[in-house]
Amino acid sequence: MKSKFAIARFILGLISSIIGIFYLLSQSKYSVLFIYVIPITSVVGIILSIVSFLEIKKKNLEGKGFGIVGLILSILSLLMLIYGIAMGIAGALSFI
C-alpha cells in the first residue's frame, strides 16, 4: 500500500514546478498569482514530505520514490521562485 501523503506531495511538487516554469518563461499579468501559489504549494509539499517519510517508516508503506521526487520538485520550485524574484529585482534596479 502506498502512502497517500507521498502521492499528495508528488502532485503538489509537480504543480508548483509547472507553475514555476511557466512563471519564469512568461511575462504575463498573472505573475503576482504565481508568486503566491508557488510558495504555498511548495511549503505544503515539503511539510507533507516530512509527514509521509514518518508515515512510510512507521507503517512500512510504499511510496518513498514519490515522496523523494515530490520533495525535490517542491524545493526546485522554491528555487525557481527565488531566482524569478531576484531577476525581477535586478531588472528593476537596472532602470534606476
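Going along each chain's sequence as written, the residues are numbered from 1 onward. For this predicted model, a pLDDT threshold of at least 70 governs which residues receive local features, and a threshold of 80 or more governs which side-chain atom pairs are given and counted, while totals over whole chains, interfaces and linings are taken from all residues. Only heavy atoms go into the side-chain values, all of them from the structure, while hydrogens and water stay out.

What follows covers the overall build of the protein. Elements are defined by DSSP. Helices are runs of H or I of four residues or more, strands are runs of E of two residues or more, and each kind is numbered from the N terminus. The secondary structure content of the protein amounts to three helices and zero strands. Each helix (α) and strand (β) of the protein, taken in turn from the N terminus, gives the series α-α-α. Relative to the globule expectation of 12 Å for 96 residues, the C-alpha radius of gyration of the protein, 16 Å, shows a markedly less compact shape. Dimensions of the protein along its principal axes, counting C-alpha atoms only, are 55 × 20 × 15 Å. Contacts between residues were defined by any pair of non-hydrogen atoms, one from each residue, lying within 4.5 Å. Taking the intrachain contacts of the protein between residues at least 6 apart in sequence as the baseline, contacts between residues at least 24 apart amount to 77%. When the accessible surface of the protein is split by element, carbon and sulfur atoms take 78% of a total near 6,300 Å². Atoms counted for the radius of gyration: C-alpha only. Globule rule: 2.2 Å times residue count to the power 0.38. Values of accessible area rely on a 1.4 Å probe in the Shrake-Rupley scheme; residue burial ignores everything except the protein chains shown.

As a further point, take unusual backbone geometry. The phi dihedral of asparagine 60 is positive, around 55°, even though this residue is not glycine. Looking at where asparagine 60 falls in the secondary structure, it is placed in the loop between α2 (31–59) and α3 (64–94).

Aromatic rings from Phe, Tyr and Trp, with only the six-membered ring used for Trp, were paired whenever their centres fell within 6.5 Å, and each pair was classed as stacked if the ring planes differed by under 30 degrees, edge-to-face if by over 60, and tilted otherwise. Within the structure shown, the criterion is met by one aromatic pair. Note on phenylalanine 10 and phenylalanine 66: the rings are 5.2 Å apart at their centroids and 65° apart in plane angle, and the pair reads as edge-to-face. One end of the pair, phenylalanine 10, is in helix α1 (residues 4–25); the other, phenylalanine 66, is in helix α3, with 56 residues separating them in the sequence. Relative accessibility decides the category of a residue: with a 1.4 Å probe and only protein chains considered, values under 20% of the type maximum give buried, values over 50% give exposed, and everything between is partly exposed. Taking relative accessible area as the criterion, phenylalanine 10 reaches 22% and is therefore assigned partly exposed. Assessed through its relative accessible area of 32%, phenylalanine 66 is described here as partly exposed.

Counting residues in each nonpolar core, the largest one holds five residues, listed as Ile19, Tyr23, Phe34, Ile38 and Leu81. Only α1 and α2 provide two or more residues apiece to this core. Take the buried residues of types Ala, Val, Leu, Ile, Met, Phe, Trp, Tyr and Cys, join any two whose side-chain atoms come within 4.5 Å, and each joined set is a nonpolar core.

Detailed reading of the predicted model is not advised wherever pLDDT is low. Here pLDDT means the predictor's own confidence in every residue, given as a number from 0 to 100. Averaged over every residue, the pLDDT of the protein is 80; residues scoring 70 or more account for 91%. Within the protein, the lowest mean pLDDT, 79, falls on α1, and the highest, 83, falls on α3.

As a further point, take α3. Here the expected length of a helix is defined as 1.5 Å per residue gap, with one fewer gap than residues. With 31 residues, α3 should reach 45 Å at 1.5 Å per residue; the first-to-last C-alpha distance of 45 Å fits that figure. Among the residues of α3, Gly67, Gly70, Leu73, Ser74, Ser77, Met80, Leu81 and Gly84 are the ones counted as buried.

Attention shifts here to the side chain of threonine 41. Secondary-structure assignment places threonine 41 in helix α2. N or O atoms within 3.5 Å of each other form a polar contact, as long as, within protein, one can give a hydrogen and the other can take it, and as long as residues adjacent in sequence are counted only when both atoms are side-chain atoms. Here isoleucine 38 takes part through its backbone oxygen, which lies 3.2 Å from a polar atom of the side chain of threonine 41. If sequence neighbours within four positions are ignored, threonine 41 has contacts with Leu12 and Ser16.

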